[in-house]
Amino acid sequence: ATLKKKNFTTIPEASLNHWMKSARAFKNPALFSIAKALLESPCVSNQIYLGLASVLETNTNEKALTLSHELFLRTTECGENENAKRAAFRLAMLKVWKEDCPGAIPLFAQPLQSPDLTFLHSRAQYWKTLCLNKDANNARLPSSMYHQYPLSFHSLIEPDEIDVYDRVKKNSEPTVLF
């Protein structure tokens, strides 16, 4: 009801999943209208921005991607909580996709500073490292990443002189991140 009425002065306390589910109930024109109204309102709970942005980013429509970019940015501007750091990661990924690594690098640092977002640490570190080494001839991950995240997707797909078994065996407490 809050999204449909576009009244964002008092946002009910709701989970991120609630806002995503609510946003999925709308077709593009209505969803775009809601996103624009939300962007024009003063900062409210950044869960609503993140939820709407997350739904819009799955749409291949250029307008949807632009709005998701703006909503992720707004999420980071309206708080410094876990939602803001998640939004920073998604915003950084959109920047990488648009070949704006210099703009993505500082955004990847935000989830890396959050102990609540350990599931994003290996991904953020991987993409940050690739952006930092974009112009280098050998844009490889630092060996510390292979030891810190031995079973992360990025460590497993990037060849290294260290055998996968050795990576896991040398790490006393392996961490599996998806």
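Residues numbered from 1 in each chain as written. Predicted model: local features only at pLDDT ≥ 70, side-chain atom pairs only at ≥ 80, totals over all residues. Heavy atoms only, no water.

1. A closer look at the overall build of the protein
Piece 1. When helices and strands are counted, the protein shows 11 helices and zero strands.
Piece 2. Listed N to C, the secondary structure of the protein is α-α-α-α-α-α-α-α-α-α-α in terms of helices and strands.
Piece 3. Here the protein holds 178 residues, and the buried ones make up 47% of them.
Piece 4. Taking the intrachain contacts of the protein between residues at least 6 apart in sequence as the baseline, contacts between residues at least 24 apart amount to 50%.
Piece 5. In the structure as shown, the protein presents an accessible area of about 9800 Å², 53% of it carried by carbon and sulfur atoms. (Helix = DSSP H or I, 4+ residues; strand = E, 2+ residues; numbered from the N terminus. Buried < 20%, exposed > 50% of the residue type's maximum accessible area, 1.4 Å probe, protein only. Contact = heavy atoms within 4.5 Å. Areas by Shrake-Rupley, 256 points an atom, 1.4 Å probe, with all protein chains shown as cover.)

2. Brief notes about the confidence of the model for the protein
Piece 1. With 69% of its residues at a pLDDT of 70 or more, the protein shows a mean pLDDT of 80.
Piece 2. Helix H11 (residues 164-170) is the least confidently modelled element of the protein, averaging 44 in pLDDT, while helix H7 (residues 101-112) averages 94, the highest of any element.
Piece 3. Low pLDDT (under 50) marks residues 161-169, which in the prediction has 13 contacts with non-local residues, meaning those over four places away or in another chain. (pLDDT = per-residue confidence, 0-100.)

3. Section: the nonpolar core
Piece 1. Among the nonpolar cores identified, the biggest contains 42 residues, and Leu-52, Leu-56, Leu-71 and Phe-108 are the most heavily contacted of them.
Piece 2. If you list the elements that add at least two residues to this core, you get helix H2 (16-24), helix H3 (28-40), helix H4 (46-56), helix H5 (62-77), helix H6 (82-97), H7 and helix H8 (118-132).
Piece 3. It is H6 that contributes the most residues to this core, eight residues altogether. (Core = buried A, V, L, I, M, F, W, Y, C linked by side-chain atoms within 4.5 Å.)

4. With respect to the state of the cysteines
Piece 1. Applying the stated criterion across every chain, the model contains two disulfides.
Piece 2. Between the sulfur of Cys-43 and that of Cys-78 lies a disulfide, 1.9 Å long from S to S. Across the S-S bond linking Cys-43 and Cys-78, the dihedral sits near -65 degrees, which makes this disulfide left-handed. Separated by 35 residues along the polypeptide, Cys-43 in the loop between H3 and H4 and Cys-78 in the loop between H5 and H6 bring together distant segments of the chain.
Piece 3. A sulfur-sulfur separation of 2.3 Å characterises the disulfide bridge that pairs Cys-101 with Cys-131. (Disulfide = S-S within 2.5 Å.)

5. Some words on H6
Piece 1. In this model H6 runs 23 Å from its N-terminal to its C-terminal C-alpha over 16 residues, within 8% of the 22 Å that 1.5 Å per residue would give.
Piece 2. Judged by how many residues are buried, H6 sits mostly within the fold: 12 of 16 residues are covered.
Piece 3. Regarding H6, the residues found buried are Asn-83, Ala-84, Lys-85, Ala-87, Ala-88, Phe-89, Leu-91, Ala-92, Met-93, Leu-94, Lys-95 and Val-96.
Piece 4. Just downstream of H6 lies Glu-99, where phi reads positive at about 60 degrees. (Expected span 1.5 Å × (residues − 1).)

6. Considerations on the packing of aromatic side chains
Piece 1. Throughout the structure, instances matching the rule amount to two aromatic pairs.
Piece 2. Ring geometry for Tyr-126 versus Trp-127: centroids 5.1 Å apart, planes at 85 degrees, classification edge-to-face.
Piece 3. For Tyr-126, a relative accessible area of 9% puts it in the buried group. (Phe/Tyr/Trp six-rings, centres within 6.5 Å; stacked < 30°, edge-to-face > 60°.)

7. Side note on unusual backbone geometry
Piece 1. Even without being glycine, Glu-99 reaches a positive phi, approximately 60 degrees.
Piece 2. Among the structural elements, Glu-99 can be located in the loop between H6 and H7.
Piece 3. According to the relative accessible area criterion, Glu-99 is exposed, its value standing at 64%.

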